[in-house]
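# Structural features, examined
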Amino acid sequence: MSTTTEALLAGSGSGGGGERLSIDDALALHAGEFGRWQLWHFLLVTAAWTLEAMHTMVMIFADREPAMWCPAGDGRCGDRCAGAAAGWEWEQGSGSSTVAEWGLVCDERYKVGLVQALFFAGSMIGAGVFGHLSDSFLGRKGTLHVVCFLNAIFGLLTALSPNYWVYMALRLLTGFSAGSVCLCAFVLATEPIGPSYRGVTGMSTCYFFSGGIAALAGIAAMCQSSWRLLYAVTSMPSLVFALVVMPFVSESPRWYLVRRRTDDAMRVLRNIASTNGRSIPDGVTLKLDDEDDINKKVEESSSILDVFRSRATRGRLVLSVFISFLCSAVYFGLSLNVVNLKLNLYISVVANCLAEMPGFLLTTVLLQRVGRKPLAIGSMILSGVFCTSAGLIAGVGALRVVRMACGMVGIFGMAATYNLLIVYTAELFPTTVRTAAMGCTAQASQMGAILAPLVVVLGEQVPFAVFGAFGIVGGLLVFCLPETMNKPLYDTMFGLEKGERAPKSGEEVISGNFEI
């Protein structure tokens, strides 16, 4: 058994008696933790976040309600809900939005919310499905390639929708494929990066999402007369990405290693080293973090059920799901409130993006100094406290400005948390189940996104109170998670359990896990 295990782990490129290293050690000692190869690969892969931002937020502009006017003069048209039948016309034409084309106003207005809810429902399902495929046979690169191609196809078909019901079905399918783009791109972009730089680079991914929303606002401003043209223009970049960019992207060496394709993993690492101006000695081979246990079976599955079977990860997953749900509900809810600032729609969306970016910068700067856990606690509670304060302030006179300021601090804090949770969640789980676990948290995040608009319609003060409670509760739940700063990125479930059991030098061993 020992001989067979060694052969499978080492691969044909094993140099007998050579140095056996984990991928983290190979990157740190030989290939380089973050050089030209990782920078170029990171930029290529993370560009997919910009694409998902467009597919997700395009509904803000495509489903907007344009202004109406009465050609016959004030007071000469009938009920506005009757539309053209009562003499009303849309200022930018009936093709300017889905609302104008299909008359989704008054009693039909619920259909706009239904489409948005179904998009996030599709995202929730797709995150779980493609998260599992990314961890199993399809791989990180293959899964990202598939979902980007599907996004382009479904987006282009949406532009051809003959009626509302076909439009709704295609938005559901677009959500199914779009919901896992950021997830797959994040894992693929960060796994080849060494532990010293992984957190900081991972925190930079959200800038691409916010940048995508800002770019979408600019595109939408130029396509105000046709929502169909808007869908076509925002879908084409995904097709270009799938056909032109993805061939230059490399599969994750960690995925190769846990799939027992050690030669492929070494090939990627040698390519990294060569591009970074370094080299890996011929005697170096790779090992998994469970290799030293000869009684451990060679193959380890990548099902989410394995996460629940392990006491080390079961509590982590449950907590991560609840925290992601609360964070997403507040993040998307406060973002919708920014749109209600009575400003130009396009300017409001850009202003929302600019409000998020200082939060991203805060977490990037403090990530390696403060740690994941204290930063997540502080940012969520900061958001919760200011949202609660906003809920206690009456929206009259100058107090309206004070309440708006409190809401902006709430957005700042929750944007920081939203960014941080992506890195934190990835580090809580081993490579074999990382994308599947992150798929579950992504599903919870989509459920929070579905809830957010339902809370916003409750009035002026109630939403702030609800979001404040969510933020504070989420911050308290983070107390139950372990810190992951400066800890290795484990490859297997057994390796994580073994690492968590290892005594800490000079201190008492504390689990830090919430066990269920």
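What counts, and where the lines are drawn
Residues numbered from 1 in each chain as written. Predicted model: local features only at pLDDT ≥ 70, side-chain atom pairs only at ≥ 80, totals over all residues. Heavy atoms only, no water. Phe/Tyr/Trp six-rings, centres within 6.5 Å; stacked < 30°, edge-to-face > 60°. Helix = DSSP H or I, 4+ residues; strand = E, 2+ residues; numbered from the N terminus. Buried < 20%, exposed > 50% of the residue type's maximum accessible area, 1.4 Å probe, protein only. Lys NZ or Arg CZ within 6 Å of the ring centre and 35° of its normal. Core = buried A, V, L, I, M, F, W, Y, C linked by side-chain atoms within 4.5 Å. Domains from an automatic or database assignment. Contact = heavy atoms within 4.5 Å. Expected span 1.5 Å × (residues − 1). Salt bridge = Lys/Arg side-chain N within 4 Å of Asp/Glu carboxyl O.

## Things to note about the packing of aromatic side chains
- Taken as a whole and assessed by the stated rule, the structure comprises 18 aromatic pairs.
- A centroid spacing of 6.0 Å and a plane angle of 80° characterise the contact between Y167 and Y231, whose relative ring orientation is edge-to-face. Highlighted residues: Y167 in helix α7 (residues 164-178) and Y231 in helix α11 (residues 227-245), separated in sequence by 64 residues.
- Overall, Y167 belongs to the buried group, its relative accessible area being 1%.
- Judged by its relative accessible area of 2%, Y231 falls in the buried class.
- An aromatic cluster is present here, built from W102, Y164, W165, Y167, W227 and Y231 joined pairwise through their rings.
- In this structure, K111 is placed above the aromatic ring of Y164, and the distance from its NZ or CZ to the ring centre is 5.2 Å.

## So, the nonpolar core
- Counting residues in hydrophobic clusters, the biggest one holds 114 residues, and the most contacted among them are W49, F61, L144, F186, L230 and F241.
- Element by element, the count of residues in this core is highest for helix α3 (residues 36-62), at 13 residues.
- Both domains that meet at this core, namely domain 1 (20-68 + 88-288) and domain 2 (311-482), each give it at least three residues.
- Sequence-distant contacts of F241, defined by excluding residues within four places in its chain, comprise L44, V45, A47, A48, L51, L144, C148 and M246.
- With 20 residues, the next largest nonpolar core counts I23, W37, Y256 and I272 among its residues.

## Some words on α11
- Its 19 residues place the ends of α11 27 Å apart at the C-alpha level, agreeing with the 27 Å of an ideal helix rising 1.5 Å per residue.
- Three or more residues of α11 are buried, namely W227, L230, Y231, T234, S235, S238, L239, F241, A242 and V245.
- Looking at the buried side of α11, the elements it contacts are α3, α4 (98-102), α6 (139-158), α7 and α10 (205-222).

## With respect to the pattern of salt bridges
- For the structure shown, the criterion picks out seven salt bridges.
- Residues R254 and D24 are paired through a salt bridge, measuring 2.3 Å at the closest nitrogen-oxygen approach. Of this pair, R254 sits in helix α12 (residues 253-258) while D24 sits in helix α2 (residues 23-31), and the two are 230 residues apart along the sequence.
- Accessibility expressed as a relative area gives 1% for R254, which makes it buried.
- The partner of R267 in a salt bridge is D264, and the shortest N-O contact between them spans 3.5 Å. Of this pair, R267 and D264 both sit in helix α13 (residues 262-275), separated by three residues, roughly a single helical turn.
- With a relative accessible area of 46%, R267 lands in the partly exposed category.
- Each of the salt bridges in this network shares a partner with another, and the network as a whole consists of D24, R198 and R254.

## Quick notes on unusual backbone geometry
- Not every positive phi belongs to a glycine, and R260 is a case in point at roughly 65°.
- As for its placement among the helices and strands, R260 is situated in the loop between α12 and α13.
- Under the relative-accessibility criterion, R260 is labelled buried at 14%.

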